[in-house]
Amino acid sequence: MDLSKRPLAPHPDDVLPPVPTFTVTSTTADDGSAMKKPQTAAGGSVSPQLSWSGFPAETRSFMITCFDPDAPTPAGFWHWCILDISADTTSLPEGAGTSDLELDGAAFHLAGDSGESSYYGAAPPKGDRPHRYVFTVHALDTETLELDEDASITVASFTALFHTLARASLTLEFQQT
């Protein structure tokens, strides 16, 4: 089966209602660049460093997600989600996706499609075209989405949609050879 002949999935932000944007950067990798080995499943699943700025003053919390729209499934693949990040947090160090112990305040991880409540690194099928890993910071108008650790990332994303003031994304690519 030649997976590389599938149509390209849309960028996940393109299918959401438009909202203002702000800036998200990483000292780990530049937007549009190749993902480094530590951020892959084979390299240890180390979450990248992320920083954000320019979000609305009304922001009361953040949600961070990492999504692979190119996974050969009808619904992509969720690699990471952190909820209830306080509004005064404007960065996460590399490796913050290891566990909730690496997070400040009420912030916590949801289980991704790997089943793990932590960052799960890139692991596309061998021979497939490069996959995009979209790291998105959602600026929210509420301190908490009032979800617990049993919620799915899909439920969190749906709930956050109604509280999103702005969002910003950084996309990295990885191809397994």
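Structure first, text after, so check above.
In what follows, the accompanying structure is described. (Residues numbered from 1 in each chain as written. Predicted model: local features only at pLDDT ≥ 70, side-chain atom pairs only at ≥ 80, totals over all residues. Heavy atoms only, no water.)

## Section: the sheet that holds strand 7 (residues 131–140)
Next up, step 1: If you walk across this open sheet you meet the 5 strands as 6-4-3-7-8, and the pairing is antiparallel. Only two strands of the sheet have a single neighbouring strand rather than two, namely strand 6 (108–109) and strand 8 (164–174).
Next up, step 2: Relative to strand 8, strand 7 is paired through 10 bridges, and the arrangement is antiparallel. Looking at the pairing, His138 lines up with Arg167 of strand 8.
Next up, step 3: Sitting on the sheet, helix 1 (residues 153–161) is in contact with strand 3 (61–68), strand 4 (77–86), strand 7 and strand 8, with an inclination near 50° to strand 4. (Pairing = 2+ DSSP bridges. Helix = DSSP H or I, 4+ residues; strand = E, 2+ residues; numbered from the N terminus. Contact = heavy atoms within 4.5 Å. Axes fitted to C-alpha atoms, helices over the stretch in contact; angles between N-to-C directions.)

## Points about the sheet that holds strand 2 (residues 50–53)
Strands belonging to one sheet form pairs held by backbone hydrogen bonds; the direction of such a pair is parallel or antiparallel.
Next up, step 1: What the 3 strands build is an open sheet, ordered 1-2-5; its pairing is antiparallel. A strand with exactly one partner marks an edge of an open sheet, and here the two such strands are strand 1 (23–25) and strand 5 (91–92).
Next up, step 2: Where strand 2 lies against strand 5, 2 bridges are found, and the strand directions are antiparallel. Opposite Leu50, over in strand 5, you have Leu92 as the bridge partner.

## Side note on helix 1
Note: α-helices contain 3.6 residues per turn, so residues at a spacing of three or four share the same orientation.
Next up, step 1: For helix 1, the full list of buried residues reads Ile153, Ala156 and Ala160. Projected onto a plane normal to the axis of helix 1, the buried residues spread over an arc of 60° and lie on a single side. (Buried < 20%, exposed > 50% of the residue type's maximum accessible area, 1.4 Å probe, protein only. Arc of directions from axis to C-beta.)

Any link to function would need more than the numbers given here.
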